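Architecture and fold: a report
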Amino acid sequence: MVNNYRKHDLYGKTLIQKIELTSPFNFDFPTAEQACFLYVREGEVVYQFDDQQINIVSNYSLLLNCVVSGKQLHSSNFSSNCEIVIITFYPEILKKIYDKEFPLLLQKPNNVVSNKSSEKINNDFLIQKYIEGLLFYFENPSLINEDILVLKVKEIILLLSQTQNSESVRLILSQLFSPSTFSFKQIIEANLLSQLTIEELAHTCNLSVSSFKREFAKIYNDTPANYIKAKKLEKAAELLELSDKRISTIAFDCGFNDLANFTKSFTRQYNTSPTNYRQKSNNKQ
């Protein structure tokens, strides 16, 4: 249940919201072409998407691409109430306030294929202080004006660019201006040689791990671990034949961060070690 709701608008759109809720509650996000930064000031909320949940506790936050993400927060913790602050990023407002050039955080990364739509942001001191500053304007609404709101948008963009999550934040926010939706296979093929875990790859596809595995089996008739490892080893075999790179370099380039594990996997797949495989290939030439 909503106990208290306040907001500040910019250019006719709801920019900043402060919501006090009593557990248990469900809070639905509107479907719109926007992104949302949600900060939990008190209590705890659960973000639900697909069949996966993300818990966000006090002083932690969540960035969502509201276009393709799930739309519900909930809590069943009866022991405490919850206070959240939401800042909404609208493409048209961002274009207006950055009339000359977008900051790097809003520009699409090169050579990245991902439908990732959410990122949990850990407790960050500067963001915490930023939220405390916003609360002052909720307590003194007569002091807020358009110029201050524009500055507050630019400030949170700058702070997000300095967090350890900046790469994921950039990927999510840039989708507001380059709204490509990649197919499941496009994402898999683009990340075959990466060192992403199955959990990270599922997140990149905007799916829970269980849904990701089901979709993978339906398309590839194999498990993600088996298929991806086989493809990495195929690429390694190709590089052993065609390049003079060190074996350790090839292992790393093909997504293996441990040479012993690479050698063991390669030997099991090809019934010979990487060194012998290269020697046999050279003898054939």
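Described in the following lines is the structure provided in the data block. What you see is a predicted model; the values in this text were computed from it and never measured.

**Details of the pattern of salt bridges**
Applying the stated criterion across every chain, the model contains 12 salt bridges. Linking K13 and E92 is a salt bridge whose minimum nitrogen-to-oxygen distance equals 3.3 Å. Pair noted here: K13 is in strand β2 (residues 13–21) and E92 is in helix α1 (residues 91–97), with a separation of 79 residues, a long-range link. Under the relative-accessibility criterion, K13 is labelled partly exposed at 30%. Between E238 and K235 there is a salt bridge whose closest N-O contact spans 3.6 Å. Separated by three residues within a single helix, E238 and K235 lie in helix α8 (residues 224–242), roughly one turn from each other. A relative accessible area of 39% means that E238 is categorised as partly exposed.

**Some words on the packing of aromatic side chains**
Taken as a whole and judged by the stated rule, the model has 14 aromatic pairs. Each ring, one from F216 and one from Y227, has its centre 5.6 Å from the other, and the planes form 70°; the classification is edge-to-face. Note that F216 is positioned in helix α7 (residues 209–220) and Y227 in helix α8, a separation of 11 residues in sequence. Each member of the pair F216 and Y227 is classed as buried. With a centroid separation of 4.4 Å and 40° between ring planes, the pair formed by Y220 and Y227 is classed as tilted. A single burial state applies to Y220 and to Y227, both of which are buried. Taken together through their ring pairs, the aromatic side chains of F184, F212, F216, Y220 and Y227 make up a single cluster. We note K232 situated over the ring of F256; from NZ or CZ to the ring centre the distance is 5.9 Å.

**Here's the deal with unusual backbone geometry**
Backbone geometry follows two general trends: most residues other than glycine have a negative phi, and most peptide bonds adopt the trans configuration. Phi angles above zero are rare outside glycine, and Y11 is one such case at about 55°. Mapped onto the secondary structure, Y11 falls in the loop between β1 (2–10) and β2. We classify Y11 as partly exposed; its relative accessible area is 29%. One non-glycine residue with positive phi stands out, namely N59, at about 75°. The residue N59 is located in the loop between β6 (52–57) and β7 (61–65) in this model. For N59, a relative accessible area of 22% gives the class partly exposed.

Calculation rules
- Residues numbered from 1 in each chain as written.
- Predicted model: local features only at pLDDT ≥ 70, side-chain atom pairs only at ≥ 80, totals over all residues.
- Heavy atoms only, no water.
- Salt bridge = Lys/Arg side-chain N within 4 Å of Asp/Glu carboxyl O.
- Helix = DSSP H or I, 4+ residues; strand = E, 2+ residues; numbered from the N terminus.
- Buried < 20%, exposed > 50% of the residue type's maximum accessible area, 1.4 Å probe, protein only.
- Phe/Tyr/Trp six-rings, centres within 6.5 Å; stacked < 30°, edge-to-face > 60°.
- Lys NZ or Arg CZ within 6 Å of the ring centre and 35° of its normal.

Limitation: the analysis is restricted to geometry and does not speak to function.
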